[in-house]
Amino acid sequence: MEISNFMRDEHRRCDDAFAKAEQAVNRGDFTEALKYFEEFMIDTLKHFDKEEEILFPAFEEVTGNTEGPTRVMRYEHNQARGLFEELKKAIDQSDKARFFSVADTLMILLQQHNMKEEQMLYAMCDRVLAPQAHQLVERMRTH
Amino acid sequence: MFSQGLSLDQAPPFSVILRFFLTIPLFMFLVSLAIFGMDLHGLAYWDSPKMVAIVHLLLLGVVGMAMVGALFQMLPVLAGASMKEPLFHARWIHLVMFIGTLLLTMAFYFEKFELLHPAMALLLGSLSFIVVLMLFKLLSIDNKTPSVIGMIISLNGLGFGLLFAVLVTLTFMGVDVGFLPSDLRTIHMHFMLFGWITVLIMAVAFQVIEMFYVTPSYPYIIRKWFPLILLTLLVVQFPFYIISESMVHIFDMLIGMVLFTFAVVTLRRLSQRKRPVADTTVWLWRTGLFALMVAVVLVAVMTVVDHPLLLDSAALLFGYFIISIVFAMSYKIVPFLVWFHLNAKGVLECPMMGDIIPSQYTQWHLWLHWLLLVSLFGALLFPLLWKVTALIFLMESLLYGRNLFGATKIYYTLKDKGML
Ligand SMILES: [Fe+2]
Ligand SMILES: [Fe+2]
């Protein structure tokens, strides 16, 4: 459970930062929005990196499968990265309608992504990576 | 197995779910025509052939299409179980359900009961195939999340509902199966409404409420046990229709409590959203859940005061609950899937959800939908208002159709412009 718990907490932290950005845009405070959005974006990108550079390779090595779930997850990370750019643009232009249109898309993409990870991929990782779980989490913590 | 399920190639083609969803506004349109063309007195009797026709047109054509479409989408995405040739199965199941629904409706509406046999054959064939095919896939999943369990249970509920549909038809033809015909009809209806539709709504809600609105998850006990409790209550209840009527009522109360709790918890989750904006879909969920709660309360009141208007109102509210949820879910799922599939094809300048179905149009739909509720209650008191209700539902079908077909048009215009 160590991997699941650590990664799930990271997901929740990113959600919180994004919610604050949305609340700021809703109030029309785009300076505040930018601050929280950047926090969210940096945290999420770091989280993606931890998965792509530490967790997924370990999973792929043990299962010998590089074409399966981790490929889909990497692909969705790239879809999300594209949307970050769009959101940043909407904040820079103080365009509230555009912001929420992109934000809706990004949130559903990320939430269904996180859910698949939490319910399936991380659960698998807990099982097949149990011997090195502690060490992996430490590496991700200090990444 | 997990590793086969989460692969991109096995995400179902968009047209699989689209064909089911796009049929919904068409059947809504037919429902409104059927209400419009009805003699006002017939509307007071649930067992009159025309009412039976309208109820089936709504529940098979509108709700059934949405539920089966949702299952096709959820199976690989949420449950991680892939299906071989989803497009082939979606095509024939959709076509057979479509024709079966029309025939069944015509059989009752125009009292051409010879149509009943082909209608039953088509509907039983397609729906029991879905039960067997999907159960087979779902039962082979290693990691059964609460949503997977919920889907399994709802398919069992559908199986029971179909079994009792056959028994109702048999009694209708004069065969004695031991139950009163009216009891069999009630059992059939309860399995379909609660065991199949409501359980599936629960299974979907456990995933999508958290996902679309960023809320805390449902309590684990509810996610794990509510679908099973609901179906178990129904299964244990039905023999009591022969033995003891008062026991039947006790079970009805317990079922009502499960539904009520589900509504309360979901409403609470919606108020705990981290996302600040309550868009149209949040209001559709709230409206539907509120209707569900009132329906349960009205049925509870019936144990004290017995007035026919109570049951009529509860039944209408329950139907209103289901279609509100169908709208709420499709207004998130359809635009998201348009974006997702276009993005996956590498379309540059891919439209976002808000461009695919403009929020102003869903807003109008919400207002119309609230107006529908007002006119439904008006019609219970002044039957002439059924004509107005039919008109409002017709407008709703046109607007809903515009929104879904608009999204589809965007998808088909852009889908070949991608770089991948
Ligand atoms: Fe990820
Ligand atoms: Fe993740």
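Whatever comes next refers back to the structure up there.
Residues numbered from 1 in each chain as written. Chains lettered and ligands numbered in written order. Predicted model: local features only at pLDDT ≥ 70, side-chain atom pairs only at ≥ 80, totals over all residues. Heavy atoms only, no water.

Chemist: Describe in detail the overall build of chain B, supporting the description with residues and values.
Modeler: Secondary structure summary: chain B contains 15 helices and 0 strands in total. With the C-alpha coordinates of chain B rotated into their principal frame, the extents come out at 65 × 50 × 45 Å. When burial is assessed residue by residue, chain B has 58% of its 420 residues classed as buried. Long-range contacts, defined here as pairs at least 24 residues apart, represent 77% of the contacts in chain B between residues at least 6 apart. Total accessible area on chain B stands at roughly 17,100 Å², and carbon and sulfur atoms take up 73% of it. One finds the centroid of the 23 positive side-chain charges in chain B at a distance of 12 Å from the centroid of its 19 negative side-chain charges. (Helix = DSSP H or I, 4+ residues; strand = E, 2+ residues; numbered from the N terminus. Buried < 20%, exposed > 50% of the residue type's maximum accessible area, 1.4 Å probe, protein only. Contact = heavy atoms within 4.5 Å. Areas by Shrake-Rupley, 256 points an atom, 1.4 Å probe, with all protein chains shown as cover. Lys, Arg positive; Asp, Glu negative; His and termini not counted. Charge placed at Lys NZ, Arg CZ, Asp CG, Glu CD.)

Chemist: Could you give me a rundown of the side chain of Thr171(B), with the residues and numbers involved?
Modeler: Residues and elements named next belong to chain B. Position of Thr171 relative to the elements: it lies in helix H6 (residues 146-172). Among the residues examined, Thr171 registers a relative accessible area of 16% and is labelled buried. At a separation of 2.9 Å, a polar atom in the side chain of Thr171 contacts the main-chain carbonyl oxygen of Val168. When neighbours within four sequence positions are excluded, Thr171 is seen to be in contact with Val177, Phe179, Pro181 and Leu184. (Polar contact = N/O pair within 3.5 Å; in protein donor to acceptor, adjacent residues only side chain to side chain.)

Chemist: How would you sum up helix H8 (residues 220-237) of chain B? Please name residues and give values.
Modeler: All names here are of chain B. Its 18 residues place the ends of H8 26 Å apart at the C-alpha level, agreeing with the 26 Å of an ideal helix rising 1.5 Å per residue. Those residues of H8 that fall on the buried side of the exposure criterion are Ile222, Arg223, Phe226, Pro227, Leu230, Leu231, Leu233, Leu234 and Gln237. In this structure, the buried residues of H8 make contact with H6, helix H7 (181-213), helix H9 (240-243) and helix H10 (245-271). (Expected span 1.5 Å × (residues − 1).)

Chemist: Talk me through the coordination of the iron ion (ligand 2); I want residue IDs and the actual numbers.
Modeler: Residues and elements named next belong to chain A. Only His11 (NE2), His47 (NE2), Glu51 (OE), Glu117 (OE) and Tyr122 (OH) from the protein reach the iron ion (ligand 2) as donors, at distances of 2.0 to 2.3 Å. Along the chain, the residues donating to the iron ion (ligand 2) are arranged with the sequence spacing H-x35-H-x3-E-x65-E-x4-Y. Here the iron ion (ligand 2) and the iron ion (ligand 1) are spaced 3.2 Å apart, and both take Glu51 as a donor. Here His11 is found in helix H1 (residues 2-27), whereas its partner Tyr122 is found in helix H4 (residues 96-128), with 111 residues between them in sequence. Each member of the pair, His11 as well as Tyr122, carries the same accessibility label: buried. (Donors = N, O, S within 2.8 Å, 3.2 Å for Na, K, Ca; no water.)

Chemist: Residues and numbers for the packing of helix H11 (residues 280-302) of chain B against helix H12 (residues 308-344) of chain B, please.
Modeler: Axes are the key here: two packed helices are described by the angle between their axes and the distance separating the axes. Residues and elements named next belong to chain B. Packing of H11 against H12 leaves a shortest axis separation of 8 Å and a crossing angle of 160°. Considered as vectors, H11 and H12 are oriented roughly antiparallel to each other. Considering the relative orientation of H11 and H12, their crossing is left-handed. Class assignment of the residues belonging to the contact of H11 with H12 gives a composition of 23 nonpolar, 5 polar and 1 charged. (Axes fitted to C-alpha atoms, helices over the stretch in contact; angles between N-to-C directions. Parallel < 35°, antiparallel > 145°, perpendicular 65-115°, else oblique. Left-handed = near helix turned anticlockwise from the far one by under 90°. Nonpolar A, V, L, I, M, F, W, Y, C, P; charged D, E, K, R; others polar.)

Chemist: Lay out the coordination of the iron ion (ligand 1) with the relevant residues and their values.
Modeler: Residue and element names in this part refer to chain A. Around the iron ion (ligand 1), the protein contributes the donor atoms Glu51 (OE), His77 (NE2), His113 (NE2) and Glu117 (OE), which lie 1.9 to 2.2 Å from the metal centre. Classification of the site at the iron ion (ligand 1) as irregular follows from its 4 donor atoms and the range of 84 to 172° in their angles at the metal. Written as a sequence motif, the donor residues of the iron ion (ligand 1) are E-x25-H-x35-H-x3-E. (Tetrahedral: all angles 85-135°; square planar, octahedral: opposite > 155°, others 65-115°.)

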